[in-house]
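# Examination of the molecular architecture
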Amino acid sequence: MSFSEDSYIDNSIDSEDYIHPSMKDVECFIGPEGSFKSAVKGFRVRTGQIKMAKNWQQTLRKSELVVCEAGTGTGKTFAYLIPALLSGKTVVISTASKALQDQLVEKDLPAVFSLLKLTPSFMALKGFSNYLCLKKYHEECSKYLNKTALKFDESNLEKNSEIDEGMLDDSSLSEEKLNENAISEEVLSKLEILIQNANYQIEKDLPNIDFVEVNSKFPASVTRRVTCAPEWCSKKRCPYADECFPYLAREKAIKTKVVVINHSLFFADMFIDDPFSPLSPAILLPKYRTIIFDEAHELPAIGREHMSETVGSTDMDKLREDLRYLSKNQNIPLKPFEERFMKLRKVYADLFSYLSTVEAGGSNKRNFLFYKYEDYDENNRDPFIEYQKVNQEFRGLMLNMYRELWEYKEFIRDNADFDEEFFNKVLEFIKAKIDIIISLMKLDDRNDPKNIYYGKYVGTVDVQRKTFKMSLTPLEISDFFGRYLENCYSSSIGVLMTSATLAVNHKFDKFLIDIGAPSDTHTLEVESSFDYKKQAAVYLDGNFPAHNDVDRIDKIVDKLEPVINQVKGGIFFLTTSRDALVKASSALRRKFARKRKIYSQNEKLSNSDMLQKFKNDGHAILVGTSSFWAGVDVPGQALSLVIIDKLPFENVSDPIFKARCDYYDAKAQKKGASFVRISVPEAVIDLRQGVGRLIRHEKDVGGLIICDPRIVNKSYGSQFVKSLPDMAIYNNLEEFESFLKSLNESDKIQGQ
């Protein structure tokens, strides 16, 4: 079976030639007698993988929704790819990270297409500004013309060669301080090779063309100079319009059978494409009949973030870039635009000065109502309380910003004839900022029937040392995402949502509510193929220092010193806050600096460099916070012990989280209801992500320590314990040490 040529021409309708009439059962490939067993070296038949694949295949045939938790080691990627490709339908795969996007298109998809003997048609699609802008690239090259001609030499530049450390971005440098020729000839040479490779692949119409996606290959000091956001793209007026890589990537995507995106791009596409109407044109994504959400547990949080509307300091960065764009057009008098910009900049600066004074020059994130009302009570838990005393100074500053934005809008409208297409985009941008200010100021107005935000959104103000941001954020995504799922069902689009962590105590209720799915949605729990009873154990102790003990980190390190000394391999020390990270790094260095290398997040090394050095060392301690709880893979002895400092409850002072909980309690008419329905379940999912770092391979072994007495002493602690993998539980530290010693003496550790 192979893709028909017709499917390349118009894949909005899946041809009968393309869809295999019998749609072979997945067991023909991954079952005990399947073809993969002989074709793939080291292939193992996994019961969970077959179970997941068969369920997904049946769901696809009915074009319905299935939610599947697939434990670590299931082989879920093959389990969802095989039925999707066999169906012959156009597929979109959405992931939480660009790293998984790259893994799918560079490793998994080529393998599955080949094993199924299908003609490959797949690619990753990323945001517009991830791709090289030829106009900017040639502008960088032109800087060398007055000195010496560029010499592109391929002799020492491999196709995928890494940038050496001398080219890494120094985040402390502002753009203004960067040398005009910051992009060296060597980097330009590497970019030229990528361009030549991409052009060759485009000419041959090969699968998985990356269209010179540069953000994953170069530091920010390079990418900011050779990429372009869509609002500053000249489009057809650009001399390189016919060769534009971002637009070529989009054109290719709408003709491709399998397109891999990330969740952020999915939410952006909800306002661009209409996959449900056969008459609407495909703009960003193809007319897919199947969509797969991998790492689906991230959807609610990413959805809330992406659906947020903001006004703040970055507006000035955007408008300043607009001026740079205008300065290149000699037909436009720049000075009036600069003067208008400076007036607007002043009212933004005045507001920031006020906010910064309130926060005493420090950083903080608060509910917007804290600034709007003088009688606002941050400890109040009633979201429907009516505050009376308006902060007139803050109101005046907001009014000034509103007025100046309005004047800026009128000024742009009056001069739109200079560049109608560009200025229309500027008008849309300014109008959006005006609307956000109005919505924020009227957010708590319950008497306005047009106020669609009341009770469904929260306003926040995030003040940093040099910037501020005011946001309007939805409390949940269930309303609009639920409508999306309904439309998928009515349009016969098959949907799979999968992750290693979706259930809480083996129940999917919380996740289904979060995404707005019906309570009777088909759910499936596929257990891990790992033998956790033999491979791992967890130590829990009700005598660990209390979670609010200011000296708890030092006490934990003292208590666990014998255990850490017992471990031959590497150790993760995962924390739930920046403060705990700093304290843990300091305490561990005092105890173990002469025995082990200590790597700590947010120090000199980037996360990826630090992780690689940790893997190579095999005996180090890595101290990390949120970004190391998920998506990090360290198989073998290099990670033999994971220590988690505290149950990862969301910070109750976070205004978005607090608002979500307060509105839930008010709706349930029960104080504290949100703790059971929101706080605990979300902390369980986060904990499971952290625990998932330990065992990544069938030969891995190791120990887990959760240093929070609440998991033993509180009634809700059982929710966390029941959601852990089925590993041995120790409450005696000496017995746990003996377990770790037995691992050291065994021959099961990978690499021994």
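Whatever comes next refers back to the structure up there.
Quick summary incoming for the structure in this document. (Residues numbered from 1 in each chain as written. Predicted model: local features only at pLDDT ≥ 70, side-chain atom pairs only at ≥ 80, totals over all residues. Heavy atoms only, no water.)

## Some words on the packing of aromatic side chains
- Throughout the structure, instances matching the rule amount to 43 aromatic pairs.
- Their ring planes at 80 degrees and their centres at 6.2 Å tell us that Phe 36 and Phe 78 sit as a pair that is edge-to-face. You can see Phe 36 sitting in helix α3 (residues 36–39) and its partner Phe 78 sitting in helix α5 (residues 76–87), a full 42 residues away along the chain. The burial state of Phe 36 is the same as that of Phe 78; both residues are buried.
- Geometrically, the ring pair formed by Phe 337 and Phe 423 is stacked, given 5.6 Å between the ring centres and 10 degrees between the ring planes. One end of the pair, Phe 337, is in helix α14 (residues 334–358); the other, Phe 423, is in helix α17 (residues 420–441), with 86 residues separating them in the sequence.
- In this structure, Lys 318 packs its charged tip against the face of Phe 429, placed 4.6 Å from the ring centre. (Phe/Tyr/Trp six-rings, centres within 6.5 Å; stacked < 30°, edge-to-face > 60°. Helix = DSSP H or I, 4+ residues; strand = E, 2+ residues; numbered from the N terminus. Buried < 20%, exposed > 50% of the residue type's maximum accessible area, 1.4 Å probe, protein only. Lys NZ or Arg CZ within 6 Å of the ring centre and 35° of its normal.)

## Digging into the sheet that holds strand β18 (residues 728–730)
- If you trace the seven strands from one edge of the open sheet to the other, you get β14-β15-β13-β16-β17-β12-β18, paired in parallel fashion. Looking at the sheet topology across the chains shown, the edges are occupied by β14 (598–600) and β18. When the angles between neighbouring strand axes are averaged without regard to direction, this sheet yields 15 degrees.
- Where strand β13 (residues 571–574) lies against strand β15 (residues 621–624), four bridges are found, and the strand directions are parallel. In the strand pairing of β15, Ile 571 is matched with Ile 621.
- Sheet contacts for helix α25 (residues 673–691): β13, β16 (641–644) and β17 (702–706); angle to β16, the most-contacted strand, approximately 155 degrees. (Pairing = 2+ DSSP bridges. Axes fitted to C-alpha atoms, helices over the stretch in contact; angles between N-to-C directions. Contact = heavy atoms within 4.5 Å.)

## A few points about helix α10 (residues 245–253)
- Those residues of α10 not exposed but buried are Phe 245, Pro 246, Leu 248, Ala 249 and Ala 253. One face of α10 carries all of its buried residues, which in axial projection span an arc of 165 degrees.
- Contacts made by the buried residues of α10 are with β3 (122–124), α7 (134–142), α8 (185–204) and β4 (258–262). (Arc of directions from axis to C-beta.)

## Observations regarding a nonpolar patch on the surface
- Taken together, the side chains of Phe 271, Ile 272 and Ile 283 make up a nonpolar region of the molecular surface, amounting to roughly 300 Å² of accessible area.
- With a relative accessible area of 61%, Phe 271 lands in the exposed category. (Patch = residues over 30% accessible without salt bridge, like charges linked within 9 Å, V, L, I, M, F, W, Y side chains within 5 Å. Areas by Shrake-Rupley, 256 points an atom, 1.4 Å probe, with all protein chains shown as cover. Salt bridge = Lys/Arg side-chain N within 4 Å of Asp/Glu carboxyl O.)

## Notes on unusual backbone geometry
- For Phe 211, which is not a glycine, the phi torsion comes out positive at approximately 50 degrees.
- Relative to the elements of secondary structure, Phe 211 occurs in the loop between α8 and α9 (220–226).
- You can call Phe 211 buried: its relative accessible area is 2%.
- Its identity as a non-glycine residue notwithstanding, Ser 492 has a phi of 60 degrees, on the positive side.
- With respect to the helices and strands, the residue Ser 492 is situated in the loop between α18 (478–490) and β10 (494–499).

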